Amino acid sequence: NETIQREFILLGLSNNPKTQVALFILFTSVYTIILIGNFLIIVLVLTDANLHTPMYFFLSNLSFLDLCYSTSTIPRMLRDLLSANKVISYGECVAQMYISLSSGVSECVLLAVMAYDRYVAICYPLHYTTIMSKVVCIRLAVGTWIFGFLQSIFGVMVIFKVDLCGHNKINHFLCEVPGVLSLGCGNIIFVELLIYIIGIIILLTPVTFIATSYVNIILNISKIASSSGRRKAFSTCGSHMMVVVIFYGTAMASYMKPRSSSLPGTDKVIAVFYAIVTPMLNPIIYTLKNNDVKAAFLKLI
């Protein structure tokens, strides 16, 4: 029953025509917000001298990753919502998985780097400019991208080496690891175990690092004498923690569980959160209470 697939069919979020139209309108609006919000952050960081700091440098990298991630998934999903032909070629499926996986892995590492930046800023303020120099920030950012895009090559090769059974219908709205892996036939326990181990390394390692950083941050914030200083420090870190909880929580729910416990409907809803909702929330969460960004925006206008 093993076969070499040349194309796949993405079943999408719904097969109800009215629901598909409603979802098309909803996700078109969401994608517009993602494009405007993240592109605006990149422009502001590049053009405003007051935002030429490590925190905003990493934030602009996060915005670019979110643009890559969402653009690799949402336009294809929007097309499928209004089309009867939901066929995606083998090459397109590989490319979509690689780009989305690379962006996601890079974002995992980048969020840990951003936590380290806040840790140094709050716990070692007098040494901050020395530790987080321009050269160090560039190296951290480049290292994040290199790790994400190199590691994902291995991940995609492992997934598409799995022997696929006769059918080619992926019960998902994108070519993602759990969806493609569900087509595997025979004993794929080794591949599932390998994906699980990779998930532990890529997801749990940064989460542990972030948690350790924020424990130290909270301990140092509690020592700040002024209440306004504590509020400012908590405000800066609170937005980052919100992004971490949403992104890592949903990613772990999708990747760190056996195939036998996966429910296609649940997996698709979870994927919506880290592939679509998080890229939309990032610019809102990071800028809503940020006076520096609001000032830069008013100056740009």
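Residues numbered from 1 in each chain as written. Predicted model: local features only at pLDDT ≥ 70, side-chain atom pairs only at ≥ 80, totals over all residues. Heavy atoms only, no water.

### Brief notes about the overall build of the protein chain
Then, in step 1: Secondary structure summary: the protein chain contains 10 helices and 3 strands in total.
Then, in step 2: Helices and strands in the protein chain line up, N terminus first, as β-α-α-β-α-α-α-β-α-α-α-α-α.
Then, in step 3: The burial tally for the protein chain puts 49% of its 301 residues in the buried class.
Then, in step 4: Expressed as a percentage of contacts within the protein chain between residues at least 6 apart in sequence, the contacts between residues at least 24 apart total 79%. (Helix = DSSP H or I, 4+ residues; strand = E, 2+ residues; numbered from the N terminus. Buried < 20%, exposed > 50% of the residue type's maximum accessible area, 1.4 Å probe, protein only. Contact = heavy atoms within 4.5 Å.)

### Re the state of the cysteines
Then, in step 1: Under the defined criterion, the tally for this structure stands at 1 disulfide.
Then, in step 2: Each sulfur in the disulfide pair Cys 93 and Cys 175 lies 2.0 Å from the other. Its torsion about the S-S bond being -115°, the disulfide of Cys 93 and Cys 175 is classed as left-handed. You can see Cys 93 sitting in helix H3 (residues 90–123) and its partner Cys 175 sitting in the loop between strand E3 (169–170) and helix H6 (177–181), a full 82 residues away along the chain.
Then, in step 3: Judged by its relative accessible area of 0%, Cys 93 falls in the buried class. (Disulfide = S-S within 2.5 Å.)

### Examining helix H2 (residues 54–81)
Two residues of an α-helix separated by three or four positions point the same way, owing to the 3.6 residues in each turn.
Then, in step 1: End to end, H2 covers 40 Å across 28 residues, agreeing with the expected 40 Å (1.5 Å per residue, within 8%).
Then, in step 2: Remark: the principal bend of H2, roughly 35°, maps to Thr 71, with a proline, Pro 75, within the next four residues.
Then, in step 3: With 21 of its 28 residues buried, H2 lies for the most part within the structure. (Expected span 1.5 Å × (residues − 1). Bend = angle between axes of the 7 residues up to and from the residue.)

### A look at the pattern of salt bridges
Then, in step 1: For the structure shown, the criterion picks out 4 salt bridges.
Then, in step 2: Lys 299 is the partner of Asp 48 in a salt bridge, and the nearest nitrogen-oxygen pair spans 3.5 Å. With a gap of 251 residues between them, Asp 48 in the loop between helix H1 (17–47) and H2 and Lys 299 in helix H10 (residues 291–300) connect regions that are remote in the sequence.
Then, in step 3: Residue Asp 48 is classed as buried on the basis of its relative accessible area, which comes to 6%. (Salt bridge = Lys/Arg side-chain N within 4 Å of Asp/Glu carboxyl O.)

### Details of the confidence of the model for the protein chain
Then, in step 1: Summarising the model, the protein chain shows a mean pLDDT of 84, and 89% of its residues fall at 70 or more.
Then, in step 2: Per-element averaging of pLDDT across the protein chain places helix H8 (residues 227–255) at the bottom with 73 and H1 at the top with 93. (pLDDT = per-residue confidence, 0-100.)

### Considering the sheet that holds strand E1 (residues 7–10)
Then, in step 1: The mixed open sheet is built from 3 strands, whose spatial order is E2-E1-E3. The open sheet has two free edges, formed respectively by strand E2 (87–89) and E3, since each of these has just one partner strand.
Then, in step 2: Of the pairings in the sheet, the one linking E1 to E3 comprises 2 bridges and is parallel in character. Bridge pairing in E3 places Ile 9 opposite Lys 169.
Then, in step 3: Sitting on the sheet, H3 is in contact with E1, E2 and E3, with an inclination near 80° to E2. (Pairing = 2+ DSSP bridges. Axes fitted to C-alpha atoms, helices over the stretch in contact; angles between N-to-C directions.)

### What to know about the pairing of E1
Then, in step 1: Side-chain alternation along E1 places Phe 8 and Leu 10 on a buried face and Glu 7 and Ile 9 on a face that remains uncovered.
Then, in step 2: The pairing of E1 with E2 spans 3 bridges and is classified as antiparallel. Looking across to E2, one finds that Glu 7 is bridged to Ser 89.

### Concerning helix H7 (residues 189–221)
Then, in step 1: Taking 1.5 Å per residue as the helical rise, H7 with its 33 residues ought to reach 48 Å, and the 46 Å between its terminal C-alpha atoms agrees with that figure.
Then, in step 2: Within H7, the axis deviates most sharply at Leu 204, by approximately 25°, and proline Pro 206 lies no more than four positions further along.
Then, in step 3: Of all the positions in H7, only Val 191, Ile 195, Ile 198, Gly 199, Ile 202, Leu 203, Pro 206, Ile 210, Ser 213, Tyr 214, Ile 217 and Ile 221 are classed as buried.

### Here's the deal with the packing of aromatic side chains
Then, in step 1: The final tally for this structure, using the stated rule, is 10 aromatic pairs.
Then, in step 2: Their ring planes at 70° and their centres at 5.4 Å tell us that Tyr 90 and Phe 160 sit as a pair that is edge-to-face. Of this pair, Tyr 90 sits in helix H3 while Phe 160 sits in helix H5 (residues 134–160), and the two are 70 residues apart along the sequence.
Then, in step 3: Here Tyr 119 and Tyr 124 contribute two aromatic rings whose centre-to-centre distance is 5.8 Å and whose plane-to-plane angle is 75°, an arrangement assigned as edge-to-face.
Then, in step 4: Taken together through their ring pairs, the aromatic side chains of Phe 64, Tyr 98, Trp 145 and Phe 149 make up a single cluster. (Phe/Tyr/Trp six-rings, centres within 6.5 Å; stacked < 30°, edge-to-face > 60°.)

### Comments concerning the packing of H1 against H2
Then, in step 1: Here H1 crosses H2 at 155°, and the two axes come no closer than 9 Å. In terms of orientation, H1 and H2 fall into the roughly antiparallel class. Judged by the sense of rotation from one axis to the other, the crossing of H1 with H2 is left-handed.
Then, in step 2: Looking at the contact of H1 with H2 residue by residue, the class counts come to 20 nonpolar, 7 polar and 1 charged. (Parallel < 35°, antiparallel > 145°, perpendicular 65-115°, else oblique. Left-handed = near helix turned anticlockwise from the far one by under 90°. Nonpolar A, V, L, I, M, F, W, Y, C, P; charged D, E, K, R; others polar.)

### Quick look at the environment of Ser 103
Then, in step 1: With respect to the secondary-structure elements, Ser 103 resides in helix H3.
Then, in step 2: For Ser 103, a relative accessible area of 0% translates into the label buried.
Then, in step 3: Each C-alpha atom, one on Ser 103 and one on Cys 68, is 6.6 Å from the other, the two residues being 35 residues apart in sequence.
Then, in step 4: Sequence-distant contacts of Ser 103, that is, excluding residues within four places in its chain, are made with Leu 65, Cys 68 and Tyr 69.
Then, in step 5: Within the structure, the side chain of Ser 103 is placed 2.9 Å from the backbone oxygen of Ile 99, a separation counted as a polar contact. (Polar contact = N/O pair within 3.5 Å; in protein donor to acceptor, adjacent residues only side chain to side chain.)

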